[in-house]
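# Remarks on the overall topology
Read off the chains here:
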Amino acid sequence: MRGNRFTESLNPNEKNISILLILMLALWYDLFLPQNTYMGRLFQPESSPLYMESPLYTLLLGWLQPWGIINDIAALLLFIATGGLLIRFNGTFAYIKVRTILPAVFFCTLGSIFFCHTLTPGIFLSVLLIGGLYSSFFYVETFNPIHAFNAGLFISIATLLSPTYILLIIPYFIFFHSTSALNLRSFLASLFGFIIPALYATLYYVVIGETATLTEFFSKSFSTLSIQYRFNDLETAYLLFLGCTTAWAIGHFILDNTHDNIKSRKQNTHINSLFLWILALMIIGFPDSQNLLYPLTLLWSMILGRFFSINSSRIAYIVFFLFLAISLLTFILA
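Here's a quick rundown of the structure. (Residues numbered from 1 in each chain as written. Predicted model: local features only at pLDDT ≥ 70, side-chain atom pairs only at ≥ 80, totals over all residues. Heavy atoms only, no water.)

Moving on, we get to the overall build of the chain. Each helix and strand in the chain was counted, giving 14 helices and zero strands. Listed N to C, the secondary structure of the chain is α-α-α-α-α-α-α-α-α-α-α-α-α-α in terms of helices and strands. Burial status across the chain gives 50% buried among its 334 residues. Nonlocal contacts in the chain, meaning residues at least 24 apart in sequence, comprise 84% of its contacts between residues at least 6 apart. Total accessible area computed for the chain in this model is approximately 15,200 Å², and 70% of it derives from carbon and sulfur atoms. (Helix = DSSP H or I, 4+ residues; strand = E, 2+ residues; numbered from the N terminus. Buried < 20%, exposed > 50% of the residue type's maximum accessible area, 1.4 Å probe, protein only. Contact = heavy atoms within 4.5 Å. Areas by Shrake-Rupley, 256 points an atom, 1.4 Å probe, with all protein chains shown as cover.)

Take a look at the structure:
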């Protein structure tokens, strides 16, 4: 299927990727200004009285702390790498039936607004999520259990950073079932992949005699209504605009199946399901909800990128450029 003229102008050629890279660097300009790091102002840590950092992340940060600005640069490089993986992802699995960098454009824009411009558990979660998506999609195409093992591995590592991430096992297994890929072999491979990081983490805390730190972290991570979101008028308007646009995109996907074969439709159903699942976890208000914002933003970008890639109506063009304008205004003023 050929895309519309607008989509074809955003194919992943060297020129477009270079422009996108420049845009990322421009939006993360604050990394090079002393004591002026953008801290994800829409979702401040102070909004949650029970905000926690995972023991694993605290350990990693202890190793990286002496490097100062290197932490911020590492976050930017991970951000850029995730955008590159998004572009590569569509080329590998064609969940959008046209070649486009639009998902990466949305990720660059939304991520620059929502993400703290420094190393956080969330930036690692977005990388681990795209890794899990790669593994699960590869598995349902090849039925090679190593990919099911890798999917479990990515989920387990992410769980050590954000305990509520363990609940993503449910939509992953639903996806395997919907594609007739769920069997004893895939279940055991996923289970072994999940056990290995959890086992090593447990052994580490047993050896250093701080098992209470790990158990307390997990036990406190599932209290509900812990996050209190506070947004000003501009932020509220921006989130409402994004919410309406996303509802339009998901509704369009549900009602219109002319642009998908069975495989790509199941892939997009999984992406939409993961998005709604993580959004529900954030609404419930788990203490690490703001960490879940990072993988949510990745999925958000994939949904919006697909929608604007195949919708050639005039109103879609208007909404897309309105999105860019409002996003820039929010980034500057929020």
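Further remarks concern the nonpolar core. Core analysis: the biggest nonpolar cluster contains 84 residues, and Phe89, Phe114, Leu133, Leu299 and Phe308 have the highest contact counts within it. For this core, the element with the most residues is helix α13 (residues 289–310), which contributes twelve residues. Setting aside residues up to four positions removed in sequence, Leu299 forms contacts with Leu129, Leu133, Ile271, Leu274, Phe275 and Ile278. (Core = buried A, V, L, I, M, F, W, Y, C linked by side-chain atoms within 4.5 Å.)

Another aspect to go through is the packing of helix α5 (residues 102–114) against helix α11 (residues 233–255). Contact geometry for α5 and α11: axes closest at 14 Å, N-to-C directions at 150°. By the angle between their axes, α5 is roughly antiparallel relative to α11. In the packing of α5 onto α11, the handedness of the crossing is left-handed. Across the interface between the two elements, Leu110, Ile113 and Phe114 of α5 pack against Tyr238, Leu239 and Leu242 of α11. Classifying every residue of the contact of α5 with α11 by side-chain character gives six nonpolar, no polar and no charged. (Axes fitted to C-alpha atoms, helices over the stretch in contact; angles between N-to-C directions. Parallel < 35°, antiparallel > 145°, perpendicular 65-115°, else oblique. Left-handed = near helix turned anticlockwise from the far one by under 90°. Nonpolar A, V, L, I, M, F, W, Y, C, P; charged D, E, K, R; others polar.)

This part covers the side chain of Asn272. Note on placement: Asn272 falls in helix α12 (residues 262–284). Non-local contacts of Asn272, meaning those with residues more than four positions away in its chain, are made with Ile250, Phe253 and Ile303.

This part covers the environment of Tyr139. Checked against the element boundaries, Tyr139 lands in helix α6 (residues 121–142). Once residues lying within four places of it in the same chain are set aside, the contact partners of Tyr139 are Asn144, Pro145, His147, Ala148, Phe176, Ala181, Asn183 and Ser186.

Relative to the 33 Å expected for 23 residues at 1.5 Å per residue, α12 spans 33 Å between its end C-alpha atoms, a close match to the ideal helical length. Those residues of α12 that fall on the buried side of the exposure criterion are Ser264, Gln267, Asn268, His270, Ile271, Asn272, Leu274, Phe275, Ile278, Leu281 and Met282. Contacts from the buried residues of α12 go to α4 (69–93), α6, α8 (169–178), α11 and α13. Phi turns positive one or two residues past the end of α12, at Gly285, with a value near 85°. (Expected span 1.5 Å × (residues − 1).)

The next thing to look at is empty space enclosed by the protein. The full count for this structure, using the stated rule, is one cavity of 30 Å³ or more. Ala249, Ile250, Phe253, Asn268, Asn272, Met302, Ile303, Arg306 and Phe307 are the residues that line the largest cavity. In terms of residues, the lining of the largest cavity owes the most to one element, α13, which gives four residues. When the residues that make up the lining of the largest cavity are grouped by side-chain class, the tally is six nonpolar, two polar and one charged. (1 Å grid on protein atoms, 1.4 Å probe; cavity = no way out; pocket = protein on both sides within 12 Å on 5 of 7 lines; lining within 4 Å. Points joined across faces, edges and corners; volume = space filled by probe spheres on them.)

Turning next to the pattern of salt bridges. Evaluated as defined, the whole model comprises one salt bridge. Here Glu141 makes a salt bridge to Lys263, at a shortest N to O gap of 3.4 Å. Note that Glu141 is positioned in helix α6 and Lys263 in helix α12, a separation of 122 residues in sequence. (Salt bridge = Lys/Arg side-chain N within 4 Å of Asp/Glu carboxyl O.)

Another aspect to go through is unusual backbone geometry. What you tend to see is this: most non-glycine residues have negative phi, and most peptide bonds are trans. The phi dihedral of Phe143 is positive, around 60°, even though this residue is not glycine. Looking at the element boundaries, Phe143 is found in the loop between α6 and α7 (145–161).

Quick look at the packing of α11 against α13 now. Relative to each other, α11 and α13 sit at 65°, their axes nearing to 10 Å. Crossing of α11 over α13 shows left-handed handedness. For the pair formed by α11 and α13, the contact residues are Leu242, Thr245, Thr246, Trp248, Ala249, Ile250, His252 and Phe253 on the first element and Trp300, Ile303, Leu304, Arg306, Phe307, Phe308 and Ile310 on the second. Among the residues making up the contact of α11 with α13, the classes are represented as eleven nonpolar, three polar and one charged.

Together, Leu182, Leu184, Phe187, Leu188, Leu191, Phe192, Ile195, Ile196, Leu199, Tyr200 and Leu203 give the surface a local cluster of nonpolar side chains, amounting to about 1,000 Å² of exposed area. Structurally, Ile196 is set in helix α9 (residues 184–207). Overall, the relative accessible area of 35% leaves Ile196 in the partly exposed class. (Patch = residues over 30% accessible without salt bridge, like charges linked within 9 Å, V, L, I, M, F, W, Y side chains within 5 Å.)

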